[in-house]
There are 2 protein chains.
Amino acid sequence: MKPRAASTQRRTRIQKENEEIILESALEIFSTNGFRGTTIDQIAAAAGMSKPNLLYYFRRKEDMHQALLDQLLTNWLAPLEEMDPGGEPLEEICKYIRRKLEMAEKYPRESRLFANEILQGAPHIKEQLEGALRELVDEKSMLIENWIEQKKLAPCDPRHVIFSIWATTQHYADFDVQICAILAEEERIKTRFEDAAKMLEGLYVNGLKP
Amino acid sequence: MKPRAASTQRRTRIQKENEEIILESALEIFSTNGFRGTTIDQIAAAAGMSKPNLLYYFRRKEDMHQALLDQLLTNWLAPLEEMDPGGEPLEEICKYIRRKLEMAEKYPRESRLFANEILQGAPHIKEQLEGALRELVDEKSMLIENWIEQKKLAPCDPRHVIFSIWATTQHYADFDVQICAILAEEERIKTRFEDAAKMLEGLYVNGLKP
DNA sequence: GTCTATAAGGCGATAGAC
DNA sequence: GTCTATCGCCTTATAGAC
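This text gives an overview of the structure that appears in the document. Source: prediction; values computed, not measured.

Calculation rules
Each chain carries its own residue numbering, running from 1 in the written order of its sequence. Working convention: letters from A go to chains and numbers from 1 go to ligands, in the order in which they are written. Totals for whole chains, interfaces and linings use all residues, but because this is a predicted model, local features are given only for residues with pLDDT of at least 70 and pairs of side-chain atoms are given and counted only at 80 or more. Where side-chain values are given, they derive from all heavy atoms of the structure, hydrogens and water being excluded. Salt-bridge detection follows one rule: a side-chain nitrogen of Lys or Arg within 4 Å of a carboxyl oxygen of Asp or Glu. In DSSP terms, a helix is any run of H or I states spanning at least four residues, a strand is any run of E spanning at least two, and both are numbered starting from the N terminus. Partly exposed describes any residue whose relative accessible area lies between the buried limit of under 20% and the exposed limit of over 50%, with all areas from a 1.4 Å probe on protein chains only and scaled to the type maximum. To line up the copies, we fit them by least squares on C-alpha atoms, keeping just the residues with pLDDT of at least 70 in both. A contact between two residues is defined here by any heavy atoms of the two lying within 4.5 Å. The criterion for a residue being near a molecule or strand is simple. One of its heavy atoms has to lie within 4 Å of it. Any pair of N or O atoms that falls within 3.5 Å is considered a polar contact. Within protein, one atom must be able to donate a hydrogen and the other to accept it, and sequence-neighbouring residues count only if both atoms are side-chain atoms. By the convention adopted, Pro, Cys, Tyr, Trp, Phe, Met, Ile, Leu, Val and Ala count as nonpolar, Lys, Arg, Asp and Glu as charged, and the other residues, Gly among them, as polar. Fitting a line to C-alpha atoms yields each axis, with helices limited to the stretch in contact; the angle taken between N-to-C directions then spans 0 to 180 degrees. An angle counts as roughly parallel when it lies under 35 degrees, as roughly antiparallel when it exceeds 145, as roughly perpendicular when it falls between 65 and 115, and as oblique in every other case. By buried area we mean how much accessible surface two parts lose on assembly, using a 1.4 Å probe and totalling the loss over both. Here a cavity denotes a set of grid points, spaced 1 Å apart and computed over the protein atoms alone, in which a 1.4 Å probe fits but from which it cannot get out, and a pocket denotes an open set meeting protein on both sides within 12 Å along at least five of seven lines; residues with an atom within 4 Å of a point are reported as lining. Grid points are joined across faces, edges and corners, and a volume is the space filled by probe spheres set on the points. Segmentation of the chain into domains, including their bounds, is taken from an automatic or database domain assignment.

1. A word on the pattern of salt bridges
Turning to step 1, where the next piece is worked out: With the rule as written, the count across this model stands at 24 salt bridges over all chains.
Turning to step 2, where the next piece is worked out: The closest approach of N and O atoms between Glu17 of chain B and Arg13 of chain B, which form a salt bridge, is 3.2 Å. Here Glu17 of chain B and its partner Arg13 of chain B are both found in helix H1 (residues 9-33), 4 residues apart, which amounts to about one turn of the helix.
Turning to step 3, where the next piece is worked out: Arg13 of chain B sits in the partly exposed class, given a relative accessible area of 44%.
Turning to step 4, where the next piece is worked out: What emerges from the salt-bridge pattern is a single network uniting Glu24, Glu28 and Arg109 of chain A.

Right, dumping it as structure tokens:
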């Protein structure tokens, strides 16, 4: 049970601030250690508060995890939703790749949290995957099918094209350690996302051009 | 410390068998629950033996995990090693994609074990990534560079091409739950790997054709 | 709202009989 | 080699003072 609505605006604001601090810290730890690998102590330390104090805001460890996953899913669907039926097909796909790569660069922790959840069988978000996500993919797959019929794209399996874009872009967040182990220092530090964007755009433009 | 060499062949064989049973069970549990999410009890139950009995073969939980990662890395490098400098470039790349997809289909647990390890910062295999894996990628990148210079492949960043093949193929093992949540029943059950192979071959052949 | 203290249970690992 | 019993730590979560 959350704390009751406070009597003044001031208290409510403090509550919100603390919840944000906690979720920010929880994201940091969950995304690198996984759910079971994370202890409440670690999150509390990162949030600069005591463990019982943290548990005043989120009564159970799982509540923090679920809150993070819930707010994640909305943002996660956004880039695909923006794919525009009125746009030029190859350009829309390139823009989608760019948006996904930007998210991998800016929100790697969210990507890893999601990856951890899926890897372990998606116990907390399976319904959303089979519901909202599936519907969105169905919708955009039909859009891609239309583009193919209009000869604006080479024939391909739309769903698997979407999967491949997810895979290649999220890879730069989820497998960052491996990528950095392989690239030379200069590339690793400055240009890996830009290099990835160029390669992927070339691959998909040539690969899907009618 | 492992049990000392036994006095008879028979005992040694039993040891090996038990070690294999344990590692097989450990792979099953580690790959779905992660290291911290796995308990020795679970592995022992899956292996059909008591916890202390299991700990007679592997003194610590981490020993099982490390053994699995070590034996995994060898198999992991094999598909890329087989990329043949004497072959036809586009065909070699298609064959590499096929081999990787086959591994995702046949050994999804190994893929997920690896993904879990990388996601959490690769604490147990960082040296191998920066050593053997990096050298192999360097070698094959030079091969791809040569193919590009000979106008047998379109210009592209070889390392990122390799990354994209890893990402797209391993995705079918690591994110299987998500893929199955989205695909229709028929596709999900029978043809998803075949559909993926066709789409990816088309994408890379057209995308990298000079 | 925040703290100290602690209950309650899970889990890795060991002891020691057989 | 395998078992039963158990130690001792770590971790979640709660009680209750301030």
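After presenting the structure, the write-up continues.
2. Quick notes on the relation of the copies chain B and chain A
Turning to step 1, where the next piece is worked out: If you rotate chain B by 180° and push it 0.0 Å along the axis, it lands on chain A with an RMSD of 0.0 Å. This pairing of chains is accounted for by a two-fold axis. Among all residues of chain B, the one whose C-alpha sits closest to the rotation axis is Gly207 of chain B, at a distance of 1.9 Å.
Turning to step 2, where the next piece is worked out: Interface residue correspondence from chain B to chain A reaches 100%, placing this contact among same-surface, isologous pairings.

3. Quick word on the protein's contact with DNA strand C
Turning to step 1, where the next piece is worked out: Around DNA strand C, 18 residues are found, and the nearest of them are Gln15, Ser50 and Tyr57 of chain A together with Ile40 and Lys61 of chain B.
Turning to step 2, where the next piece is worked out: For DNA strand C, the backbone portion of the atoms within 4 Å of the protein, that is sugar and phosphate, comes to 66%.
Turning to step 3, where the next piece is worked out: Here a phosphate oxygen of DNA strand C and a side-chain polar atom of Arg36 of chain A are 3.3 Å apart.
Turning to step 4, where the next piece is worked out: Here Ser50 of chain A contributes a side-chain N or O atom positioned 2.6 Å from a phosphate oxygen of DNA strand C.
Turning to step 5, where the next piece is worked out: Mapped by element, the contributors of at least two residues to the surface near DNA strand C are helix H1 (9-37) and helix H3 (51-57) of chain A together with helix H3 (51-57) of chain B.
Turning to step 6, where the next piece is worked out: Residues of the surface near DNA strand C, tallied by class, amount to 6 nonpolar, 6 polar and 6 charged.

4. A few points about the packing of helix H4 (residues 61-81) of chain B against helix H6 (residues 108-119) of chain B
All names here are of chain B.
Turning to step 1, where the next piece is worked out: It is the contact of H4 with H6, at a shortest axis distance of 10 Å, that shows an interaxial angle of 110°. For the element pair H4 / H6, the angle class is roughly perpendicular. Of the residues in H6, those touching H4 at His65, Leu68, Leu69, Leu72, Leu73 and Trp76 are Glu110, Ser111, Leu113, Phe114 and Glu117.
Turning to step 2, where the next piece is worked out: The class makeup of the residues in the contact of H4 with H6 is 7 nonpolar, 2 polar and 2 charged.

5. Points about the interface of chain B and chain A
Turning to step 1, where the next piece is worked out: Taken together, the contact pairs 56 residues of chain B with 56 residues of chain A.
Turning to step 2, where the next piece is worked out: Three residues stand out in chain B for area buried against chain A, namely Leu119, His160 and Ile182 of chain B, and they jointly supply 16% of the buried area on that side.
Turning to step 3, where the next piece is worked out: Across the chain B-chain A interface, the total number found is 0 salt bridges.
Turning to step 4, where the next piece is worked out: Sorting the residues of the side of chain B that touches chain A by element identifies H1, H6, helix H7 (126-149), helix H8 (158-174), helix H9 (176-182) and helix H10 (185-208) of chain B as the ones contributing at least two each.
Turning to step 5, where the next piece is worked out: In terms of residues, the side of chain B that touches chain A owes the most to one element, H10 of chain B, which gives 13 residues.
Turning to step 6, where the next piece is worked out: Grouping the constituent residues of the side of chain B that touches chain A by class yields 26 nonpolar, 18 polar and 12 charged.

6. Notes on the protein's contact with DNA strand D
Turning to step 1, where the next piece is worked out: Near DNA strand D lie 18 residues; those nearest to it are Lys51 of chain A together with Gln15, Ser50, Pro52 and Tyr57 of chain B.
Turning to step 2, where the next piece is worked out: Put simply, 68% of the atoms of DNA strand D that lie within 4 Å of the protein are in sugar or phosphate.
Turning to step 3, where the next piece is worked out: Between Lys61 of chain A and DNA strand D, the recorded distance is 3.0 Å, taken from a backbone N or O atom to a phosphate oxygen.
Turning to step 4, where the next piece is worked out: The separation between a sugar or linking oxygen of DNA strand D and a polar side-chain atom of Asn53 of chain B is 3.1 Å.
Turning to step 5, where the next piece is worked out: Looking at the surface near DNA strand D, the elements that each hand over two or more residues are H3 of chain A together with H1 and H3 of chain B.
Turning to step 6, where the next piece is worked out: Here the surface near DNA strand D takes 4 residues from H3 of chain B, the largest share from any one element.
Turning to step 7, where the next piece is worked out: Of the residues in the surface near DNA strand D, the class split is 6 nonpolar, 6 polar and 6 charged.

7. Some remarks on the layout of surface pockets
Turning to step 1, where the next piece is worked out: In this structure, the largest pocket encloses a volume near 290 Å³.
Turning to step 2, where the next piece is worked out: Taken together, 17 residues form the lining of the largest pocket, with Leu72, Asn75, Met103, Tyr107 and Glu110 of chain A sitting closest to its centre.
Turning to step 3, where the next piece is worked out: Every element with two or more residues in the lining of the largest pocket is listed here: H1, helix H4 (61-81), helix H5 (89-106) and helix H6 (108-119) of chain A.
Turning to step 4, where the next piece is worked out: Here the lining of the largest pocket gets 7 residues from one element, more than from any other, and that element is H4 of chain A.
Turning to step 5, where the next piece is worked out: Tallied by class, residues from the lining of the largest pocket come to 10 nonpolar, 2 polar and 5 charged.
Turning to step 6, where the next piece is worked out: Counting residues domain by domain, the lining of the largest pocket receives three or more from each of domain 1 (9-59) and domain 2 (65-208) of chain A.
Turning to step 7, where the next piece is worked out: What the second largest pocket holds in volume is close to 210 Å³.
Turning to step 8, where the next piece is worked out: As for the second largest pocket, its lining consists of 14 residues, and the residues nearest its centre are Phe35, Glu117, Gln120, Pro123 and His124 of chain A.
Turning to step 9, where the next piece is worked out: Those elements giving two or more residues to the lining of the second largest pocket turn out to be H1 and H6 of chain A together with H1 of chain B.
Turning to step 10, where the next piece is worked out: Taken together, the residues that form the lining of the second largest pocket break down as 4 nonpolar, 8 polar and 2 charged.

Purely geometric numbers; function is a separate question.
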